[in-house]
Amino acid sequence: MPGIEFTDGKGKSFESYDDFLEMVQGMIGGAVEPAAAAANHSVDIVWLIISASLVFFMQTGFALVEVGSVSMKNTKNILTKNLFDACIGALTFYLFGYAFAYGEQNRYIGAESFALSGARGSEEEKAAGMYYKGYDYAFFLFQWAFAATAATIVSGAVAERCKMVAYFIYSFFLTGFIYPVVVHWGWGNGWASAFVPEEDRLFGTGVIDFAGSTVVHMVGGVTALIGAAFLGPRHNRYRDGKLRYLPQQSTTFQTVGVLILWLGWYGFNCGSTLTMTGTAADVAGMVAVTTTISAATSGIVATILGWIIDNTIDVTRTNNGILGGLVSITAGCSVINPELSFLVGLIGGFIYFGSSKLLEKMKIDDVVDASPVHLFCGIWGTIAAGLFAHPDNVAAAYGTGSCGLFFKCGGNGIWQFLANLVFVLAVTIWTSIFAIAIFAILKVSKRLRVSLETEKIGLDIAEHGGAAYELNYRRGNSVDVRSPSVFNEIFGAVETTAMDRVIENSEAN
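Cut-off values and rules
- Residues numbered from 1 in each chain as written.
- Predicted model: local features only at pLDDT ≥ 70, side-chain atom pairs only at ≥ 80, totals over all residues.
- Heavy atoms only, no water.
- Helix = DSSP H or I, 4+ residues; strand = E, 2+ residues; numbered from the N terminus.
- Contact = heavy atoms within 4.5 Å.
- Areas by Shrake-Rupley, 256 points an atom, 1.4 Å probe, with all protein chains shown as cover.
- Expected span 1.5 Å × (residues − 1).
- Disulfide = S-S within 2.5 Å.
- Buried < 20%, exposed > 50% of the residue type's maximum accessible area, 1.4 Å probe, protein only.
- pLDDT = per-residue confidence, 0-100.
- Axes fitted to C-alpha atoms, helices over the stretch in contact; angles between N-to-C directions.
- Left-handed = near helix turned anticlockwise from the far one by under 90°.
- Nonpolar A, V, L, I, M, F, W, Y, C, P; charged D, E, K, R; others polar.
- Patch = residues over 30% accessible without salt bridge, like charges linked within 9 Å, V, L, I, M, F, W, Y side chains within 5 Å.
- Salt bridge = Lys/Arg side-chain N within 4 Å of Asp/Glu carboxyl O.
- Parallel < 35°, antiparallel > 145°, perpendicular 65-115°, else oblique.
- Polar contact = N/O pair within 3.5 Å; in protein donor to acceptor, adjacent residues only side chain to side chain.
- Phe/Tyr/Trp six-rings, centres within 6.5 Å; stacked < 30°, edge-to-face > 60°.

Asks: When you look at the overall build of the chain in this model, what are you seeing that I'm missing?
Replies: Check the secondary structure of the chain and you find 17 helices and six strands. Counting contacts in the chain only where the partners sit at least 6 residues apart, residues at least 24 apart contribute 75% of the total. Accessible area of the chain: about 20000 Å², with a carbon and sulfur share of 64%.

This is the structure we're talking about:
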């Protein structure tokens, strides 16, 4: 995703939208009249607001996927965490996260425009009738939606046993510091950015991570993996070393959630052009196609692998395969040709399925497979951009003369691949250090995991004032399902035991 600082791809940078637009006008012989320039400016603001709205609507998709993947006794808890992903993210990113991400203090962290102070007009601008910079406000909205996405990735992985206070702490640091610094590196004027003068770019190219396979999804995925590992598996997830089924509330919720996420991803990827000026609209059109092909391919591959290996057509595998394909293409959606996006999605399906099985063997209980989808497919997506970026597409989307390793562009292919590889490693190390520190402190201080009794009863009753559903369970006399012991008996032991029998019968046959 281009940062707030625009560039012409030849080492010249533009600190404001107006400077960038003036350059575009000069390229076409000054044919754009002031009225037309103002119209372009308005269109770009509307484009960002619509794209940001689609990305924020993805929170609905994440909420449905997560609530559909947990037991009914933890419904309120997971929904509350999803809501607070947006609330905490909005305040922390507004107050200082945005400044860390897009301030121009140095190549490692920004330190300007705290609380969006930079969006207010200067005295000269106010005298000219510009009291604030509408594009900067719209840009913040778009970036906040991305920050909220990074936090939401984690909540699903650690569901059903993480304390609320632990959630508040890691969400605060993730959206307020860990994620913004990575944004600065890759999309601001940081050390890995492609949106700085050529002499300042990593290996002369900068990283290609157009919409955030690494910047967004890997950051969330690394945190999710470490959080799940520190928490340990849910009660009864493993018995005698054998993986056991735990009740999931609704595959309907999961599937509708994935379809909403797929829709929102067009705002995520296409909206990352940040403008409709110049070739941006053409780029957005191709991005929509590559995004679609990769998602569809990966969903089919994951389903087939589940059919072959697990002897079942599992809709959950299809859902997560689709998400894995979306994450896989996110870095290279603007630079990889549609025919190669098929290959990206195909490999992404294998990576999702294989990493999911690996975590099961390692007894890391990631409730929604967040780390296979977002971490492992995020790594692959950024590497794929370094392999398959077509030079024509890079010129259109980035304005640079780079390309992937498998193409010829004056020897830049190897450097582009190395830039992407180094960025993946750096983000992994950065995020891991802080995630390990945060979760280790929480665990040592006994602020990380709920008690076994609370886990058995369910977090809704223990922490949220009662069960989410007003139901009665009849066994002779009518019994209120909101009673902790009855609720646990019905929706815990009964569902789990029944499903274990189904699995055992399937294995016996």
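Asks: What's the story with helix H14 (residues 412-444) in this structure? I'm lost.
Replies: An α-helix turns once per 3.6 residues; consequently, residues spaced three or four apart project the same way. Counted at 1.5 Å a residue, the expected span for H14 with its 33 residues is 48 Å, and the 48 Å between its end C-alpha atoms agrees. At the C-terminal side of H14, Lys 446 shows a positive phi close to 60°.

Asks: What's the story with the state of the cysteines in this structure? I'm lost.
Replies: One covalent bond between the sulfur atoms of two cysteine residues makes up a disulfide. Inspection of the entire model under this criterion finds one disulfide. Here Cys 403 engages in a disulfide with Cys 409; their sulfurs sit 2.0 Å apart. Residues Cys 403 and Cys 409 are joined by a disulfide whose S-S torsion is about -80°; by sign, that bridge is left-handed. Taking relative accessible area as the criterion, Cys 409 reaches 12% and is therefore assigned buried.

Asks: So what exactly am I meant to see when it comes to the confidence of the model for the chain here?
Replies: If pLDDT is low for a region, its predicted coordinates should not be looked at in detail. On average, the chain scores 87 in pLDDT, and the residues at 70 or more come to 84%. Note on residues 23-32: pLDDT is under 50 here. Beyond four places in sequence and across chains, it has nine contacts. Segment residues 473-509 is flagged for pLDDT under 50; beyond a separation of four residues in sequence, or across chains, it makes 52 contacts in the model.

Asks: In this structure, what is going on with the packing of helix H7 (residues 213-231) against H14? I would like to understand it.
Replies: Axes are the key here: two packed helices are described by the angle between their axes and the distance separating the axes. The N-to-C vectors of H7 and H14 enclose an angle of 35°; their axes lie 9 Å apart at closest approach. In this structure, H7 meets H14 at a crossing whose hand is right-handed. Residues Thr 214, Val 215, Met 218, Val 219, Val 222, Thr 223, Ile 226, Gly 227 and Phe 230 of H7 lie in contact with H14, whose contacting residues are Phe 423, Val 424, Val 427, Thr 428, Thr 431, Ser 432, Ala 435, Ile 436, Phe 439, Ala 440 and Lys 443. Class assignment for the residues of the contact of H7 with H14 results in 13 nonpolar, six polar and one charged.

Asks: Sorry, what's going on with helix H9 (residues 280-310) here?
Replies: Its 31 residues place the ends of H9 44 Å apart at the C-alpha level, agreeing with the 45 Å of an ideal helix rising 1.5 Å per residue. Asn 311, located one to two residues past H9, shows a positive phi value of around 60°.

Asks: Looking at this model, I keep getting lost on the environment of Phe 417. Mind explaining?
Replies: Here Phe 417 lies in helix H14. The exposure class of Phe 417 is buried, given its relative accessible area of 18%. Counting along the chain gives 209 residues from Phe 417 to Ile 208, while the straight-line C-alpha distance between them is 9.1 Å.

Asks: Explanation requested: a nonpolar patch on the surface in the structure shown.
Replies: Taken together, the side chains of Leu 83, Phe 84, Val 165, Phe 168, Ile 169, Phe 172 and Phe 173 present a nonpolar region at the surface, about 580 Å² in accessible area. Taken together, the elements giving at least two residues each to the nonpolar patch come down to helix H3 (75-102) and helix H6 (164-186). Sorting elements by how many residues they give to the nonpolar patch places H6 first, with five residues. Counting through the fold element by element, Phe 173 comes out in helix H6.

Asks: I tried to follow the packing of H9 against helix H11 (residues 338-361) on my own but got confused; where do I start?
Replies: In the contact formed by H9 and H11, the axes pass within 7 Å of each other and the chain directions differ by 40°. Compared by their axis directions, H9 and H11 come out oblique. Between H9 and H11 lies a crossing of right-handed hand. Its residues assigned to classes, the contact of H9 with H11 comprises 14 nonpolar, nine polar and two charged.

Asks: Can you help me understand the environment of Tyr 167 in this one?
Replies: Secondary-structure assignment places Tyr 167 in helix H6. Residue classification places Tyr 167 among the buried positions, given a relative accessible area of 0%. Sequence separation between Tyr 167 and Ala 151 is 16 residues; the distance between their C-alpha atoms is 9.7 Å. Apart from the residues within four sequence positions on either side, Tyr 167 is in contact with Lys 81, Phe 84, Asp 85, Ile 88 and Cys 162. Here the side chain of Tyr 167 touches Lys 81 through a polar contact of 2.7 Å, landing on its backbone oxygen.

Asks: I would appreciate a short explanation of the packing of aromatic side chains in the present structure.
Replies: Two numbers describe a pair of aromatic rings. These are the distance of the centres and the angle of the planes. Scanning all chains against the criterion turns up 34 aromatic pairs. For the ring pair Tyr 98 and Phe 140, a centre distance of 5.9 Å and an interplane angle of 70° mean the geometry is edge-to-face. With Tyr 98 in helix H3 and Phe 140 in helix H5 (residues 134-157), the pair connects residues that are 42 residues apart, well separated along the chain.

Asks: Looking at this model, I keep getting lost on unusual backbone geometry. Mind explaining?
Replies: Trans peptide bonds make up the majority, and among non-glycine residues the majority have a negative phi. Positive phi outside glycine occurs at Ala 115, with the angle close to 50°. Among the secondary structure elements, Ala 115 is positioned in the loop between H3 and helix H4 (123-127). Despite not being glycine, Leu 274 shows a phi value in the positive range, around 70°. On the secondary structure map, Leu 274 appears in the loop between helix H8 (251-270) and H9. A relative accessible area of 0% means that Leu 274 is categorised as buried.

Asks: What am I meant to see in the side chain of Ser 213 here?
Replies: If you trace the backbone, Ser 213 turns up in helix H7. Here the side chain of Ser 213 touches Ala 331 through a polar contact of 2.8 Å, landing on its backbone nitrogen. Setting aside residues no more than four positions away along its own chain, Ser 213 makes contact with Met 218, Val 327, Ser 328, Thr 330, Ala 331, His 374, Gly 378, Gly 381 and Thr 382.

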